[in-house]
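Examination of the molecular architecture
Listed below are the residues making up each chain.
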Amino acid sequence: MSPSPARRLLRRTGALLAATPLLAAPVLTGAPPAQAAAPATATAEATGTSTVDVTVNALSPSVPTDGDTLTIKGKVTNKGRQTVTDAHIGLRVGTSFSGRTQVDTAARNSTGGYPDGTEVASKYAEKFADLKPGATQDFTLSVPVKALNLGADGVYQISAAVRGQTAALPYPQTLGIQRTFLPWQPDGADTKTKTTVLWPLIADTGLTAETGTSEDQTAVFDNDDLADEIGPGGRLQQMLALGSTLDVTWVIDPDLLASVDAMTESYKVKGADGKLTSGKDHRAVANAWLNDLQTAVQGQKVVTLPFADPDLASLAHNGTKVAGSLSHLKDATDAAVKTVDTILHVTPDASYAWPVEGAVDPDIVKVATSAGADKIIARSDSLRDNSSLQYTPSAARPIGGGTTAVVADARLSTAFEGDMTRAENSTLAVQKFLAQSLMLDLQTDKQRTAVIAPQRMPTASQAQTMAKAVAALQEGTWSQSQGLSATAGAKPDPGATTRVPSTRAYPSKLRKQELPQAAFEQIQATQRELENFKVVLTNESRVVTPFGRAVDREMSTSWRGSTTAADGFRTGVSDYLSGLTDQVSLIDKSEVKLSGRSATIPVSVQNNLWQDVDHLKLRLTSDNGTRLKIGDGASQDQEVTIASGHSQSVKFTTTAKATGPVWVYAQLYTEDNQPYGKQIAFQVDVTEVTSTVMLVIAGGVLLLVLAGFRMFTQRKRATAAKADEDAPQDDSGTAAEAGPEDDSTPAARADVPQQPSDPTADTTSESTAPSDTSERVDR
């Protein structure tokens with residue numbers, strides 16, 4: 001039967017009374033009297049509690065109840081230089097804690113020092129044979145919970161301690177100890193903490209701006225790491241599988257969804273040498289991961305971060321100094337909603353902003369809300385409450401301007417940031433997490449809310465530890481699950497702080513990891529080039545979409561601590577865009593000679609893109625409009641439209657007023673008069689045409705005419721003579737009648753060589769080759 005309310009009150013009172021000696025001094029039991037009075041350092045030396053290393057690799061159940069058997073498994077290793085004899089390991093139970101700070105202190109002192117509490121009955125201990133130096137031995141302790149003699153609800157310290165002796169100290173003593181926590185709440189709590197667990201699906205940036213030239217634009221990745229993460233046993237595969245078994249709020253970066261979706265088709269991987277190779281066929285793995293995620297999120301609330309998880313603090317502290325940087329955050333938010341809806345078929349909640357480690361200041365709040373978010377996921381070690389407050393307040397805090405800070409509990413959120421590949425670290429982290437959660441609930445009879453916001457990208461081992469702890473919490477008796485939206489909308493605690501810390505209070509460790517102002521200047525330069533490029537395209541989506549998302553990735557939080565990689569990614573995006581822009585360009589020209597007062601000058605434009613370009617104009621400008629006019633003035637513009645893979649020759653009419661060289665400049669412009677591509681320059685040499693030269697030219701023309709007439713008459717006579725020779729003869733030897741005389745030009749014959757047609761122009765209208773040296777142009 002459940003205990004009466006009076007019994008619950010007695011347990012709470014007992015927990016506080018039992019903790020009083022713990023505040024004054026540690027409980028010292030089971031030690032020789034002579035050692036009890038010795039100083040702490042002397043005691044440590046005398047007892048030698050660092051002689052044997054004790055590791056606790058498993059503890060179950062994490063939250064025991066009446067009738068359970070507590071099982072602890074681990075190893076002992078002799079770190080000393082002498083053999084340990086007459087040794088055994090037993091379980092010791094200390095008093096319960098009275099506050100969360102005491103749990104923190106005990107966690108920092110989990111080994112060494114004097115043994116705590118009393119050892120349970122010796123029949124539950126495990127004896128060892130002689131333990132030689134360096135030797136390791138496994139142990140398993142199984143103790144009925146009733147034998148622990150636990151009292152009121154609370155968190156108890158338990159220890160696995162080795163007692164034995166050595167040749168140097170031939171009497172029983174504690175030679176090694178490992179402490180941990182045991183939450184004890186066998187019956188349902190009077191008031192349960194409503195707990196929200198955020199489960200992040202976020203990955204490093206891997207998809208580039210580059211795409212294949214085919215119609216379907218094959219995706220290009222920097223590496224194939226994502227395939228390993230979503231594959232069997234991979235980090236993201238485990239995050240998805242574990243999260244599906246828990247009551248959590250999914251927090252997703254849409255860039256991850258877009259990247260996995262790209263892997264459902266064939267893709268390329270860019271090597272260190274810049275060459276593209278075909279990625280392995282991971283379509284089955286990618287499709288399976290997305291299908292499992294679609295199933296997991298159906299009917300649940302999905303929180304989406306802006307596309308690529310932009311670094312809000314970097315934007316606030318450095319990006320706002322560069323005009324236009326903030327506009328990317330709104331674009332990333334809009335793209336996020338569309339991406340999640342398209343791939344997962346759910347409408348996500350885009351009203352949350354999540355700064356790195358929940359650290360906020362006024363500038364971060366201003367930037368976070370600029371894209372439409374009205375709720376910020378902060379953390380209690382940033383938005384600190386008044387030290388006079390004797391309990392942890394609820395998560396939701398109004399911070400002004402219609403914005404709500406949802407404050408995650410720092411102790412619970414950072415519980416799994418260590419190396420969880422070691423079973424001991426994982427086990428101790430789970431017990432500490434549960435201990436802090438129970439202590440939070442026991443602080444007051446007032447029901448509160450709590451948020452757990454773990455690290456953005458937990459490792460596979462960290463994810464496993466998180467899942468184990470959350471599962472135990474959700475099966476416990478003092479906590480109940482609640483979604484993030486309900487927590488954010490809950491009534492604020494009147495005692496909680498609502499003051500956002502100043503910019504000076506922002507952690508210097510985090511500030512050093514931010515993207516610098518130069519990064520945002522480079523991002524904006526890329527954006528300007530993209531805006532200039534897209535206006536000339538007939539299908540701008542082939543460029544705008546991949547480059548727009550690449551710009552989002554350049555601001556990603558995932559670049560923190562990876563300055564070199566971030567610089568390389570931004571440079572790669574910029575260089576690739578410049579390479580595409582250069583595919584539409586002017587063909588270099590050499591010197592041009594004008595042998596007259598007026599002539600046309602051709603300038604060729606080539607398009608090596610996989611789509612047509614238009615909305616371009618070509619401007620030809622004379623360096624000296626008085627000596628050489630182009631059109632009606634010093635310059636002339638002509639519209640240009642070029643088909644994919646072709647070139648076009650644009651001709652300009654020029655008029656020379658004087659002889660000599662003149663520099664001429666050709667430049668492409670967009671419709672809004674922005675320069676496009678590189679300018680080319682060439683020299684035009686105007687030569688004077690004198691009367692003597694004209695007479696020489698006229699004489700030459702006359703000679704050609706006379707020569708042609710003579711050739712014509714000679715050919716006519718030869719033809720007539722040939723006809724006479726071939727005429728049929730009668731018996732008298734005279735020629736047969738040839739019919740009436742015809743003085744007209746004879747018709748051409750098949751056996752008469754035909755004159756070739758005019759040769760083709762040296763430079764066709766679509767030639768992409770540069771002009772020859774001293775090119776002469778049509779007059």
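Keep in mind that this is a model prediction, so the values were computed, not measured.

Quick notes on the overall build of the protein chain
Secondary structure assignment for the protein chain yields 20 helices and 31 strands. Pairs at least 24 apart in sequence give 78% of the contacts found in the protein chain among residues at least 6 apart. A total accessible area of about 37,200 Å² is found for the protein chain, and carbon and sulfur atoms account for 52% of it.

Comments concerning the layout of surface pockets
Taken as a whole, the largest pocket spans an internal volume of roughly 1,100 Å³. A258, T545, P546, R549 and R553 are, among the 39 residues lining the largest pocket, the residues nearest its centre. Those elements giving two or more residues to the lining of the largest pocket turn out to be β10 (207–211), β11 (219–221), α7 (254–262), α10 (327–344), α17 (517–534) and α18 (541–554). The leading source of residues in the lining of the largest pocket is α18, at 10 residues.

Considering the packing of aromatic side chains
Any two aromatic rings considered together are summarised by their centre-to-centre distance and by the angle between their planes. By the definition in use, this model includes 6 aromatic pairs. Here F533 and Y676 contribute two aromatic rings whose centre-to-centre distance is 6.4 Å and whose plane-to-plane angle is 25 degrees, an arrangement assigned as stacked. Here F533, found in helix α17, pairs with Y676, found in strand β30 (residues 675–686); they are 143 residues apart in sequence, far enough to count as distant. For the pair shown, F533 and Y676 are each scored as buried. For the ring pair F547 and Y576, a centre distance of 5.7 Å and an interplane angle of 20 degrees mean the geometry is stacked. Of the two residues, F547 is situated in helix α18 and Y576 in helix α19 (residues 563–581); the sequence distance between them amounts to 29 residues. Assessed through its relative accessible area of 2%, F547 is described here as buried. We note K589 situated over the ring of F682; from NZ or CZ to the ring centre the distance is 5.6 Å.

Considerations on the sheet that holds strand β13 (residues 267–270)
Taken in spatial order, the 4 strands of this open sheet run β10-β11-β13-β14, and their pairing is mixed. Unpaired on one side and paired on the other, β10 and β14 (276–278) mark the two borders of the sheet. Within the sheet, the average angular offset between the axes of one strand and its neighbour, ignoring direction, is 40 degrees. Across 3 bridges, the pairing between β11 and β13 is parallel. In the sheet register, A219 faces β13, and the bridge partner there is Y267.

Considering the nonpolar core
In terms of nonpolar packing, the biggest core is built from 74 residues, with F533, V603, L618 and V684 touching the most fellow members. Each residue touching V603, except ones within four places of it in the same chain, is listed here: L586, K589, L618, L620, Q648, S649, V650, F652, A666, I680 and F682. Counting 63 residues, the second-largest nonpolar core is a separate cluster that includes L226, V269, A296 and A469.

Some remarks on the pattern of salt bridges
Under the counting rule described, the total for this entry stands at 25 salt bridges. We note a salt bridge from R456 to D309, for which the minimum N-O separation is 2.7 Å. Here D309 lies in the loop between β15 (302–304) and α9 (312–317) and R456 lies in the loop between β20 (449–452) and α14 (460–475), a separation of 147 residues in the sequence. For D309, a relative accessible area of 5% gives the class buried. What emerges from the salt-bridge pattern is a single network uniting E357, R379, D381 and K509.

Description of the sheet that holds strand β6 (residues 136–144)
The sheet built from 3 strands is open, its strands ordered β1-β2-β6 with antiparallel pairing. Single-partner strands in this sheet number two, and they are β1 (52–60) and β6. Direction aside, neighbouring strands of the sheet carry axes that sit 25 degrees apart on average. Note that β1 and strand β2 (residues 69–78) share 8 bridges and pair antiparallel. Looking at β2, one finds that A58 is bridged to K73.

A look at the environment of A160
Along the chain, A160 turns up in strand β7 (residues 154–165). You can call A160 buried: its relative accessible area is 2%. Here the alpha-carbon distance between A160 and K73, two residues 87 residues apart in the chain, equals 9.6 Å.

Notes on α14
Three or four residues apart is the spacing at which side chains of an α-helix point the same way, because the helix has 3.6 residues per turn. Between its first and last C-alpha, α14 extends 23 Å over 16 residues, near the 22 Å set by a 1.5 Å rise per residue. Every buried residue of α14 is listed here: S461, Q462, A463, T465, M466, A467, A469, V470, A472 and L473. The inward-facing, buried residues of α14 contact β9 (193–201), α6 (235–243), α13 (423–442), β20 and β21 (479–481).

Describing the confidence of the model for the protein chain
Chain-level pLDDT for the protein chain is 85 on average; 84% of the residues reach the 70-or-more range. A low-confidence stretch, residues 1–47 stays under pLDDT 50, and its non-local contacts, those more than four residues away or across chains, total 60 contacts. Low confidence marks residues 729–779, where pLDDT is under 50. Its contacts with residues over four positions away, or in another chain, come to 57 contacts.

Topic: empty space enclosed by the protein
Applying the stated criterion to the full structure yields 7 cavities of 30 Å³ or more. Size it by volume and the largest cavity reaches roughly 130 Å³. Secondary structure elements with two or more residues in the lining of the largest cavity: α10 and β16 (352–353). No other element matches the 3 residues that α10 contributes to the lining of the largest cavity. Among the residues making up the lining of the largest cavity, the classes are represented as 13 nonpolar, 3 polar and 2 charged.

Considering the side chain of H317
Tracing the backbone shows H317 in helix α9. On the basis of relative accessible area, H317 is assigned to the buried category, the value being 8%.

Details of the environment of S50
With respect to the element layout, S50 can be found in the loop between α3 (40–47) and β1. On the basis of relative accessible area, S50 is assigned to the exposed category, the value being 63%. Between the C-alpha atom of S50 and that of G113, which follows or precedes it by 63 residues, the distance is 8.5 Å. Apart from the residues lying within four places of it in its own chain, the contact partners of S50 are K79 and L175.

A word on the packing of α7 against helix α8 (residues 283–297)
Orientation of α7 relative to α8, taken along the N-to-C sense of each, is 140 degrees, at an axis distance of 8 Å. Between α7 and α8, the angle falls in the class oblique. Considering the relative orientation of α7 and α8, their crossing is left-handed. The residues of α8 that touch α7, namely those facing L256, L257, V260 and D261, are A286, W289, L290 and L293. When grouped by side-chain class, the residues that make up the contact of α7 with α8 number 7 nonpolar, no polar and 1 charged.

Some remarks on the packing of α7 against α10
It is the contact of α7 with α10, at a shortest axis distance of 9 Å, that shows an interaxial angle of 45 degrees. Of the possible angle classes, the one that applies to α7 and α10 is oblique. Two packed elements cross with a definite hand, and for α7 against α10 that hand is left-handed. Between α7 and α10, the residues in contact are P254, L257, A258 and D261 and A336, T339, V340, I343 and L344, respectively. Across the contact of α7 with α10, the residue classes tally to 7 nonpolar, 1 polar and 1 charged.

Some thoughts on a negative patch on the surface
A surface patch of like charges, here negative, comprises E215, D216, D261 and E265. One can find E215 in the loop between β10 and β11.

Let's talk about helix α11 (residues 362–370)
Among the residues making up α11, those that are buried are I364, V365, V367 and A368. Buried residues along α11 sit against α9, α10, β16, β17 (375–379) and β18 (396–400). Downstream of α11 by one or two residues, G372 has phi in the positive range, about 110 degrees.

Cut-offs used in this document
Residue positions are counted from 1 within each chain, in the order its sequence is given. Given that the model is predicted, a residue must reach a pLDDT of at least 70 before its local features are reported, and side-chain atom pairs must reach 80 or more before they are shown or counted; all residues, however, enter totals for whole chains, interfaces and linings. The side-chain quantities take in all heavy atoms of the structure and omit both hydrogens and water. Numbering goes from the N terminus for both helices and strands, where a helix is a DSSP run of H or I of at least four residues and a strand is a run of E of at least two. By the convention used here, residues are in contact when the closest approach between their heavy atoms is within 4.5 Å. Note on areas: Shrake-Rupley with a 1.4 Å probe; residue coverage comes only from the protein chains shown. The rule is simple: put a 1 Å grid over the protein atoms alone, call a set of points where a 1.4 Å probe fits but cannot get out a cavity, call an open set with protein on both sides within 12 Å along at least five of seven lines a pocket, and count a residue as lining if it has an atom within 4 Å of a point. Grid points are joined across faces, edges and corners, and a volume is the space filled by probe spheres set on the points. Put simply, two rings from Phe, Tyr or Trp (the six-membered ring, in Trp's case) pair if the centres are within 6.5 Å, and we call them stacked under 30 degrees between planes, edge-to-face over 60, tilted for the rest. Relative accessibility under 20% of the residue-type maximum defines a buried residue, over 50% an exposed one, and the middle range a partly exposed one, all with a 1.4 Å probe and only protein chains included. For a ring to carry a charge above it, either NZ of a lysine or CZ of an arginine must fall within 6 Å of the ring centroid while also lying within 35 degrees of the normal to the ring plane. Strand pairing is assigned whenever DSSP identifies at least 2 bridges connecting the two strands. Axis geometry follows a simple rule: fit a line to the C-alpha atoms, using only the stretch in contact for helices, then measure angles between N-to-C directions, giving values from 0 to 180 degrees. Among buried residues, those of type Ala, Val, Leu, Ile, Met, Phe, Trp, Tyr and Cys that are joined through side-chain atoms within 4.5 Å constitute a nonpolar core. Criterion for a salt bridge: a side-chain nitrogen of Lys or Arg within 4 Å of a carboxyl oxygen of Asp or Glu. Each residue after the first adds 1.5 Å to the expected span of a helix. The predictor attaches a confidence to each residue, and that confidence, scored 0 to 100, is pLDDT. Side-chain classes follow a simple rule in which Ala, Val, Leu, Ile, Met, Phe, Trp, Tyr, Cys and Pro form the nonpolar group, Asp, Glu, Lys and Arg form the charged group, and the remainder, Gly included, forms the polar group. Angles below 35 degrees are treated as roughly parallel, those above 145 as roughly antiparallel, those between 65 and 115 as roughly perpendicular, and all remaining angles as oblique. Crossings are assigned a handedness: left-handed for a near helix turned anticlockwise from the far helix by less than a right angle, right-handed for a clockwise turn. Residues with no salt bridge and a relative accessible area higher than 30% make up the patches, which join like charges within 9 Å and nonpolar side chains (Val, Leu, Ile, Met, Phe, Trp, Tyr) within 5 Å. His is not counted here, nor are the chain ends, while Lys and Arg score as positive and Asp and Glu score as negative. In this description, the location of a charge corresponds to atom NZ of lysine, CZ of arginine, CG of aspartate or CD of glutamate.

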